[in-house]
Amino acid sequence: LGMFSELKFPVPWGHVAAKAWGPSEGHPVLCLHGWLDNANTFDKLIPLLPRGRSGSSGWLVLCGWAAYHTLSLSGCYYVAMDFSGHGLSSHRPAGCPYHFLDYVTDVRRVAAALQWRRFTLMGHSMGNFSLSYCFISPQFCFLYPEMVDKLILLESLGFLLAPEDNEAWLKSKRRVIDRLLSLEAKQQTPKARSPEAALQRLLEANSHLTAEGGAILLQRGATETPAG
């Protein structure tokens, strides 16, 4: 497991970089680094993982590095990604904040690019107790439990929400991520429409608009093509 390969996954602002160890047909394990780190966080850990893979599912919390020998995850394909703006991954456009939910979305993007429907998630740090919403691995597991067979936490306390907030947070955040990725997958060349057709489309999508109001908005909201 000492040898690794470099990977790149396209995203709208560039690419997400990653490094991978082991056979690509092995059990998939996605490794997430901590605050201001990068994929090299796992360079020393992954070669030390023991042989054989446990068949049971569950949660495993490692406090520090002393519990490596308890892992049973070899015969695996390990992919350690650089979060956006970290390591060799592209930075987000200038002026765009790095929100923690965006990192969760990046994990979903990488899993989709790898065509992983179910995998083990191993995450290190990313936050502290007072900022438990910063923990990316538990957030992803909470939002997409059907995709995670094991969650391994290194120096992390998990994801904490008030019980009364669980359902609303889950529905709203998952809807945001799924909708965004759905729109990205459907990206097409903008359609050219006649002024009349553009106005009709705008009115169909905004039932509160009058034809006069729509025409006023289109003066600044549409661009004339060379063909007119």
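The structure we're discussing is the one just above.
My aim in this report is to walk through the structure given alongside it, one point at a time. (Residues numbered from 1 in each chain as written. Predicted model: local features only at pLDDT ≥ 70, side-chain atom pairs only at ≥ 80, totals over all residues. Heavy atoms only, no water.)

**Concerning unusual backbone geometry**
Piece 1. Its identity is not glycine, yet L36 carries a phi of approximately 60 degrees, on the positive side.
Piece 2. Inspection of the secondary structure assignment puts L36 in the loop between β3 (27–32) and β4 (58–62).
Piece 3. A relative accessible area of 65% means that L36 is categorised as exposed. (Helix = DSSP H or I, 4+ residues; strand = E, 2+ residues; numbered from the N terminus. Buried < 20%, exposed > 50% of the residue type's maximum accessible area, 1.4 Å probe, protein only.)

**Quick word on the packing of helix α1 (residues 100–113) against helix α2 (residues 136–143)**
Piece 1. One can describe the packing of α1 onto α2 by two numbers: an axis separation of 9 Å at closest approach and a directional angle of 65 degrees. With respect to each other, α1 and α2 are oriented roughly perpendicular. Between α1 and α2 the crossing geometry is right-handed. Side by side, α1 and α2 meet where F100, L101, Y103, V104, V107 and R108 of the first sit next to I136, Q139, F140 and L143 of the second.
Piece 2. Here the contact of α1 with α2 is built from residues that sort into eight nonpolar, one polar and one charged. (Axes fitted to C-alpha atoms, helices over the stretch in contact; angles between N-to-C directions. Parallel < 35°, antiparallel > 145°, perpendicular 65-115°, else oblique. Left-handed = near helix turned anticlockwise from the far one by under 90°. Contact = heavy atoms within 4.5 Å. Nonpolar A, V, L, I, M, F, W, Y, C, P; charged D, E, K, R; others polar.)

**Some thoughts on the pattern of salt bridges**
Piece 1. For the structure on display, the rule yields seven salt bridges.
Piece 2. Close ionic contact of K171 with E167 constitutes a salt bridge, the shortest N to O distance being 3.0 Å. Of this pair, K171 and E167 are both found in helix α3 (residues 166–185), four residues apart, which corresponds to roughly one turn of the helix.
Piece 3. Among the residues examined, K171 registers a relative accessible area of 47% and is labelled partly exposed.
Piece 4. In this structure, D178 engages R174 in a salt bridge whose closest nitrogen and oxygen atoms are separated by 3.5 Å. In this pair, D178 and R174 both sit in helix α3, four residues apart, roughly one turn of the helix.
Piece 5. Accessibility expressed as a relative area gives 32% for D178, which makes it partly exposed.
Piece 6. Salt bridges sharing partners connect three or more residues here, namely R92, D106, R109 and E184. (Salt bridge = Lys/Arg side-chain N within 4 Å of Asp/Glu carboxyl O.)

**What to know about empty space enclosed by the protein**
Piece 1. The tally for this structure, following the rule as stated, stands at one cavity of 30 Å³ or more.
Piece 2. Quantified by volume, the largest cavity comes out at close to 50 Å³.
Piece 3. Lining the largest cavity are L32, H33, G123, H124, S125, M126, F135, I136, S137, P138, L153 and S156.
Piece 4. Per element, the largest residue contribution to the lining of the largest cavity is three residues, and it comes from α2.
Piece 5. The residue inventory of the lining of the largest cavity, partitioned by class, reads six nonpolar, six polar and no charged. (1 Å grid on protein atoms, 1.4 Å probe; cavity = no way out; pocket = protein on both sides within 12 Å on 5 of 7 lines; lining within 4 Å. Points joined across faces, edges and corners; volume = space filled by probe spheres on them.)

**Remarks on the side chain of D106**
Piece 1. Among the secondary structure elements, D106 is positioned in helix α1.
Piece 2. Setting aside its immediate chain neighbours within four residues, D106 contacts W13, M81, S84 and R92.

**A word on the layout of surface pockets**
Piece 1. Volume-wise, the largest pocket comes out at about 390 Å³.
Piece 2. Around the largest pocket sit 16 residues that line it, and R193, A198, A222, T223 and E224 are the ones nearest its centre.
Piece 3. Contributions of two or more residues to the lining of the largest pocket are made by α4 (195–205) and α5 (211–221).
Piece 4. At four residues, α5 tops the list of elements feeding residues into the lining of the largest pocket.

**Thoughts on the packing of aromatic side chains**
Piece 1. For the structure on display, the rule yields nine aromatic pairs.
Piece 2. Between the aromatic rings of F83 and Y103, the centroid separation amounts to 4.9 Å while the plane-to-plane angle is 45 degrees, which identifies the pairing as tilted. Pair noted here: F83 is in the loop between β5 (76–81) and α1 and Y103 is in helix α1, with a separation of 20 residues, a long-range link.
Piece 3. The class of Y103 is buried, set by a relative accessible area of 6%.
Piece 4. For the pair W116 and F119, a centre-to-centre distance of 5.7 Å together with 45 degrees between the ring planes defines the contact as tilted. With respect to class, W116 is no different from F119; both count as buried.
Piece 5. Here a set of aromatic residues connected by ring pairs shows up, and it is made of W35, F83, Y98, F100 and Y103.
Piece 6. K19 extends its terminal NZ or CZ atom over the ring of F4, reaching a point 3.9 Å from the ring centre.
Piece 7. Above the plane of the ring of W13 lies R92, whose end atom (NZ or CZ) is 4.3 Å from the centre. (Phe/Tyr/Trp six-rings, centres within 6.5 Å; stacked < 30°, edge-to-face > 60°. Lys NZ or Arg CZ within 6 Å of the ring centre and 35° of its normal.)

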